[in-house]
Amino acid sequence: MLASDGGVVRLRPITPDDAAAMQEFHASLSDRTRYLRYFGPYPRMTPKDLYRTTHVDYHDRVGLAIELGEVIIAVGRYELLSDREGPRAAEVAFVVADAHQGRGLGSILLEHLAGAAAENDIATFVAEVLAENNTMVTVFRDAGYQMQRSRDGSVLHLEFAIDPTEALLSVRDSRERASEARSVGNLLHPRSIAVIGATPSAGRVGGAVLANLLSGVFQGPVFPVNPNRSSVRGVRAYNTVRDIPDEVDLAVVAVPSAEIPSVLDDCMAKGVKGLVVLTAGFSETGPAGYAAERDLVAAVRGHGMRVVGPSALGIANTDPAISLNATLASVMPGRGRVGFFCQSGPLGAAILGEAAARRLGLSTFVSAGNRADVSGNDLLQYWDSDPDTDVVLLYLETFGNPRKFSRIARRVARTKPIVAVSSGRNATRTTPPSSLERSVERDLFAQAGIIQVDTISELFDCAMLLAYQPLPAGPRLAVIGNSAALGWLAVDAARGAELDVRDPVDLGPQAGPEDFHVAVASAVVSAQVDAVIVIFAPPVPTAVPAYAEAIRSGAESAAKPVLTTFVADHGMPNLLATRGTGGVVGSGSIPSYPDPERAARALGRVQRYAQWRDTPVSATRRPAGLDTERARNLVEQWMVRSPEGDWLGDLEAVELLECYGIGIVEFREVRDAAAAEAAAADLGYPVAAKATGELWRNRSDLNGVRLDLWRPSAVQRAYADLAEVSGNAVVHIQRMATKGVGCVLRVQDDPSFGSVISFGLSGTIIDLLGDRVYRALPLSEGESIALIDAPRAAPLLDGRAGVSGRTIGEPVDKSYLSELAQRISALCDDLPEVRELAIEPILASPEGAAVLYGRVRIGPEPNHFDIGPRRLG
């Protein structure tokens with residue numbers, strides 16, 4: 001767990017073996033703290049109280065302890081009020097060691113006790129607090145609970161429901177965000193650094209990182225640690241970290257993996273606050289390395305530290321007040337307002353080199369290597385509140401906690417653009433991701449507002465635009481240049497990037513600086529233009545600075561993005577840069593691209609992001625008529641029957657879906673011709689007959705279906721045919737539904753993102769084209785509407801074909817489809833045992849939507865990606 005100051009603590013259940021530790025903890029409390037907790041002097045716990053505190057049943061009585069190292073520093077517990085009528089209620093209390101008060105430990109205990117109580121069907125917490133104990137009252141209030149309070153003399157009686165409301169979850173998220181941001185901030189703002197394994201040779205890991213720290217003029221003391229040298233690079237060296245006389249905030253570890261355990265012992269004894277482990281040889285080497293990595297993280301967290309790595313390239317902070325370059329990179333970009341996170345060490349070095357070559361300034365950089373502890377999620381939390389970072393770049397190989405990543409990214413992207421390139425969908429895969437997996441990733445990134453790119457070059461193309469130019473207000477683009485051929489290349493690329501562009505403004509090869517100035521100035525003030533691409537490609541050698549000044553001065557008054565292809569320069573030409581304090585490239589600088597096509601593609605991606613950001617945030621709405629309790633009881637019964645999970649029977653699926661207002665067109669399951677005839681009479685003609693079994697569901701050739709049966713003889717004949725061809729006596733007789741456009745809604749397990757909902761139209765051709773769109777759950781109301789409109793074939797739902805102006809039918813009522821998606825979202829969010837779901841076909845019509853069939857697979861609940869109390873992964 002992360003305390004509010006960013007330090008790591010360990011939360012665990014209390015056990016009977018804790019009796020001695022509990023007595024020691026109690027004795028360490030000050031008289032004042034004991035008085036506030038127990039309402040009077042209480043120097044030593046009685047044997048009865050000690051037994052009751054350490055012997056809990058984890059149902060009606062739950063106790064939790066927070067440790068630092070092996071020492072208990074906080075305790076919380078709840079106990080059921082058995083004599084109270086009405087919903088189950090419990091009394092809650094906690095106490096924190098004096099030295100650790102103010103670190104948010106009471107809030108952590110309350111949050112996890114509430115989570116345990118909710119799992120045990122306890123609805124209300126009750127607390128008795130001394131009126132003078134303002135700190136305790138503040139903990140309850142700041143947790144987001146709506147309290148009822150009464151007073152009896154000097155004692156306050158507090159009651160509050162523990163059911164998580166939106167306000168409560170918001171408070172939890174805010175606390176989590178602050179703690180994680182502070183923990184990363186501690187790593188990136190050290191006051192002193194020890195380099196363990198420092199050597200004089202810049203060709204070795206310990207020598208390279210020490211050289212970078214010294215040459216980067218780190219604004220604090222650097223302590224080389226090497227038992228075989230008295231000094232390294234002219235700086236006094238120490239045998240171990242323990243021997244350093246001053247405090248050490250950060251330790252950079254560059255020793256062989258076999259020596260890591262002893263190094264950890266020294267760092268823990270010294271009180272080091274964070275580690276950057278450059279050493280390789282951990283999880284990337286196999287099971288033994290993975291076990292060693294887990295032991296490393298457990299030991300580090302057990303002593304309140306966080307670790308970057310192992311196998312990391314390092315961390316950097318370009319703030320002049322810090323000047324931290326604890327990396328192995330030979331090149332470090334200058335100061336800027338872009339934060340960069342990547343996993344791969346070698347790739348991180350190449351990325352830093354590319355950023356420096358393009359003159360893209362960075363605020364902070366972290367290469368997390370194996371990402372055993374500090375992850376991209378932690379850095380997003382930090383950059384969200386970092387005033388020195390305006391743009392976030394991510395190179396991702398794995399997602400860790402995908403649901404949390406999506407939640408954080410959605411929030412951060414509302415104020416700071418995130419550009420991400422993902423090299424793979426799964427850390428353990430040995431094959432490239434499929435087109436389906438890429439589609440899922442693309443759609444889910446877009447849902448979260450992330451600008452997804454495929455290559456490092458595209459990553460920097462977008463970053464240069466976002467770092468120095470404003471966002472476009474719309475898709476309208478003006479292309480200006482002195483080369484007609486390059487102008488038309490830009491126009492074609494812009495149209496492919498979904499930008500609205502007219503014919504290019506061709507100034508001709510003879511155009512002078514004044515021509516460029518007038519054309520650019522005119523474009524940026526035009527109400528019909530949202531962005532400008534300027535192409536300067538002189539046919540003969542000429543005085544370039546005058547043209548650069550003309551373009552820059554023409555764009556000065558613009559609140560619109562201006563991009564260039566300036567003599568095919570790459571990055572930020574000095575002539576187009578606007579310099580701030582200390583010569584730092586600042587806002588208003590005009591980036592250049594090697595060719596106008598890359599400029600247009602980058603602008604297209606940024607424009608779609610700007611459009612997403614301008615879309616109002618939509619709330620998650622729960623539809624009316626949900627019977628969650630009945631659904632949970634049904635799933636519990638079925639899980640007892642099949643603990644490993646299985647597909648539900650067709651009638652069971654109908655029963656579960658009905659709990660969420662998802663009605664299947666009425667049908668009967670029959671096993672002979674007479675029953676089929678009786679079912680048809682009961683349902684009313686016309687009816688359809690459908691074969692059952694895995695091979696016969698939703699076949700495009702309709703060999704397993706007989707439609708529009710109007711007579712008993714037709715029903716009997718259809719039953720006989722289907723039973724014979726399928727080899728299965730079970731046949732469905734279903735009432736005929738109103739004809740409409742066939743659609744499909746599915747939920748599937750994604751190895752990286754968890755439960756994902758997809759929507760598309762029915763049909764073999766649609767399936768072959770892969771015209772499905774995907775969204776992460778749960779869906780907001782706006783997202784459910786956008787989901788239905790997103791497939792390329794969606795115009796068919798509006799009665800339109802691809803040819804402009806051509807109609808093929810009446811528009812369907814899409815509100816039924818979007819509400820159906822919301823109901824499925826609520827079902828899957830409430831019932832994590834639902835691992836797979838398919839509603840198909842859905843016949844959408846002007847009158848509504850008829851669901852003809854539904855399938856549901858249940859299974860053991862997966863890891864809680866991002867629900868309940870917050871824990872470090």
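Right, let's walk through the structure included here.

So, about the packing of aromatic side chains. By the definition in use, this model includes 14 aromatic pairs. Taken together, a centroid distance of 5.8 Å and an interplanar angle of 85° make the contact between Phe516 and Tyr547 edge-to-face. With Phe516 in helix H16 (residues 513-525) and Tyr547 in helix H17 (residues 544-555), this residue pair connects regions lying 31 residues apart in the sequence. You can call Phe516 buried: its relative accessible area is 0%.

Moving on to the environment of Gly334. When you line up the elements, Gly334 lands in the loop between strand S16 (324-327) and strand S17 (335-342). Overall, the relative accessible area of 44% leaves Gly334 in the partly exposed class. Taking the C-alpha atoms as reference points, Gly334 and Val585, 251 residues apart in sequence, are found 8.9 Å from one another. When residues no more than four places from it in sequence are discounted, the contact partners of Gly334 are Thr318, Gly361 and Leu362.

The next subject is the packing of helix H21 (residues 673-683) against helix H22 (residues 712-726). Where H21 contacts H22, the axes come no closer than 9 Å and their chain directions differ by 135°. Judged on the interaxial angle alone, H22 and H21 are oblique. As for the relative orientation of H21 and H22, their crossing is right-handed in sense. Packed against H21, whose contacting residues are Ala673, Ala676, Glu677 and Ala680, the element H22 presents Pro712, Val715, Gln716 and Tyr719 at the interface. Classifying every residue of the contact of H21 with H22 by side-chain character gives six nonpolar, one polar and one charged.

This paragraph deals with the nonpolar core. Counting 100 residues, the largest nonpolar core has Ile315, Phe340, Leu360, Leu394, Ile418 and Leu477 as its most contacted members. Looking at which element gives the most residues to this core, the answer is helix H14 (residues 456-468), with eight residues. What Ile418 contacts, discounting residues up to four positions off in sequence, is Leu380, Val392, Leu394, Ala409, Val412, Ala413, Ile450 and Ile451. By size, the runner-up hydrophobic cluster in this structure holds 46 residues, among which are Met639, Phe667, Val856 and Ile858.

With the rule as written, the count across this model stands at 52 salt bridges. Glu354 serves as the salt-bridge partner of Arg358, at 2.9 Å between the closest nitrogen and oxygen. On the basis of relative accessibility, which here comes to 22%, the residue Glu354 falls in the partly exposed class. Arg410 is the partner of Glu783 in a salt bridge, and the nearest nitrogen-oxygen pair spans 2.7 Å. Residue Glu783 is found in helix H24 (residues 781-789), and its partner Arg410 is found in helix H12 (residues 402-413); the two are separated by 373 residues along the sequence. Through salt bridges with shared partners, a single ionic network connects Asp173, Glu176, Glu180, Lys404 and Arg407.

On to H16, then. Along its 13 residues, H16 runs 19 Å from first to last C-alpha, staying within 8% of the 18 Å computed at 1.5 Å per residue. Every buried residue of H16 is accounted for by Phe516, Ala519, Val520, Ala523 and Val524. All buried residues of H16 project into a common sector of 125° when viewed along the axis, lining one side. Facing away from the buried side of H16 by over 90 degrees, the exposed positions are Glu514 and Val525.

Procedures and definitions
Residues numbered from 1 in each chain as written. Predicted model: local features only at pLDDT ≥ 70, side-chain atom pairs only at ≥ 80, totals over all residues. Heavy atoms only, no water. Phe/Tyr/Trp six-rings, centres within 6.5 Å; stacked < 30°, edge-to-face > 60°. Helix = DSSP H or I, 4+ residues; strand = E, 2+ residues; numbered from the N terminus. Buried < 20%, exposed > 50% of the residue type's maximum accessible area, 1.4 Å probe, protein only. Contact = heavy atoms within 4.5 Å. Axes fitted to C-alpha atoms, helices over the stretch in contact; angles between N-to-C directions. Parallel < 35°, antiparallel > 145°, perpendicular 65-115°, else oblique. Left-handed = near helix turned anticlockwise from the far one by under 90°. Nonpolar A, V, L, I, M, F, W, Y, C, P; charged D, E, K, R; others polar. Core = buried A, V, L, I, M, F, W, Y, C linked by side-chain atoms within 4.5 Å. Salt bridge = Lys/Arg side-chain N within 4 Å of Asp/Glu carboxyl O. Expected span 1.5 Å × (residues − 1). Arc of directions from axis to C-beta.

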